[in-house]
Amino acid sequence: MHRFVATLCLTGVFLAAGCGGGRKELVVAFSQANNAEPYRATQNAFMAKLFARYPDVRLVIADAQQDNSKQVAQVETFIRQKPDLLIVAPNERAALTAVMGQAVEAKIPVICLERDILQPNYTSYVHSDNLAIGRMAGKFIVDRLTQKYGKPTGKVVAMRGLLGVEGEINRDRGAREVLDRYPEIRIVADPVADWIQAKAKDRMTEVLRTQPQIDVVYGHNDPMAIGAYLAAKELGREKEMVFVGVDGLGGSAGGIKKVMDGILAATFVYPLCVDKTVEIADKILHQPGFRPEKEYLLDSVMVTPDNAAELYRKFTVEGLN
């Protein structure tokens, strides 16, 4: 199933002819912001697994490769081909707003997956609360620094994701709302690494060369926090600071396991949002007259060494049914 979908994406053959035997094939088109981040690759795999349970549904995934123009063009192609359902994980909020509105005007049901756009140009929006996650991260950082120094003081590096994305904006804003209450806690650098581990490693190497003291690195996703850790380890400084991430994926390479391994001090589960999306999709596709809620908000949870093993069992994708 996964290889079949990938072939469609790579060749650009999106919505080909339907099922045999006279049965109506229902096509779900998914425009993914990129396939490079582990979080998004996991979304793709889990979505393919869940839709494979429906023999009359074919899932097609297009990879925008973090390119707004490419994603807009892919969504325009999907609109012309009129899938039964369109799912979009926007690369950036402003760039996708208009074209998603065009899909709605074309009477295609649209699910906005986990990243918002500037106007509610969708049938339903499934996401978690990034502002709340940022605030939880900020509180964790304050508590950790207070534990270290006896008072809330210290130096923080904020490793930022792709600017202009709701998740990056609110994970940053929420943490700063908390940290700004404590004038002795300073954010000494906030490099941009676009969610990518390798970029974060390079950016952190640059920061380490200019900052003799760092207490906490807050990566706006786990790969960036891990990239920062690897940079610090290369320079023999990883034990001077702690690393905090967001995503909390299961699996051996995910953020929860990195907490278990002592690489991350904490992470925050940002739900894949796929199971709820497929649940809604099933009803849209198979229950005439179904009207989903405009918005579905899924809970996050903090992962620390105290609960990491339990959450690893729960969130590892192989164990999801």
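The preceding data block contains the structure.
Residues numbered from 1 in each chain as written. Predicted model: local features only at pLDDT ≥ 70, side-chain atom pairs only at ≥ 80, totals over all residues. Heavy atoms only, no water.

1. Remarks on the pairing of strand S7 (residues 185-189)
Using the following cut-off: Whether two strands pair depends on DSSP finding at least two bridges between them. Each helix is a run of H or I in the DSSP string that is no shorter than four residues. Each strand is a run of E no shorter than two, and both are numbered from the N terminus. Handedness of a crossover: with both strands directed away from the viewer, a clockwise path from the first strand across the helix to the second marks it as right-handed.
In this structure, strand S6 (residues 154-159) lies alongside S7, joined through four bridges in parallel fashion. When the sheet's bridge partners are listed, Gly 154 is paired in S7 with Ile 185. Handedness of the S6-helix H6 (residues 166-179)-S7 crossover: right-handed.

2. Thoughts on the pattern of salt bridges
Rule in force here: A pairing counts as a salt bridge when a side-chain nitrogen of Lys or Arg comes within 4 Å of a carboxyl oxygen of Asp or Glu. Only protein chains enter the accessibility calculation, which uses a 1.4 Å probe; a residue whose area is less than 20% of its type maximum is buried, one above 50% is exposed, and one in between is partly exposed.
Under the counting rule described, the total for this entry stands at 25 salt bridges. Here Lys 24 ties to Asp 84 by a salt bridge, and the two come within 3.7 Å at their closest N and O atoms. Linking Lys 24 in the loop between helix H1 (2-11) and strand S1 (26-32) with Asp 84 in the loop between helix H3 (68-81) and strand S3 (85-88), this pair joins segments that are 60 residues apart in sequence. Across the pair Asp 194 and Lys 199 runs a salt bridge, and its minimum N-O distance is 3.0 Å. The class of Asp 194 is buried, set by a relative accessible area of 18%. Each of the salt bridges in this network shares a partner with another, and the network as a whole consists of Arg 160, Glu 168, Asp 172, Arg 176 and Asp 190.

3. Topic: the sheet that holds strand S8 (residues 216-219)
Heads up, the condition is: Note on geometry: axes are lines fitted to C-alpha atoms, helical ones only across the stretch in contact, with angles between N-to-C directions running from 0 to 180 degrees. Pairs of residues are marked as contacts when any of their non-hydrogen atoms sit within 4.5 Å.
Spatially, the four strands line up as an open sheet ordered S7-S6-S8-S9, and their pairing is parallel. With one partner strand each, in any of the chains shown, S7 and strand S9 (242-244) form the two edges of the open sheet. Sheet twist, expressed as the mean angle between neighbouring strand axes with direction ignored, is 30°. Examined bridge by bridge, S6 and S8 share four bridges and lie parallel to one another. Counted as the bridge partner of Val 157 is Val 217 from S8. Sheet strands in contact with helix H7 (residues 197-210) are S6, S7 and S8, and its direction is about 150° off that of S6. Together, S6, S8 and S9 form the strand contacts of helix H8 (residues 222-234), whose direction differs from that of S9 by roughly 160°.

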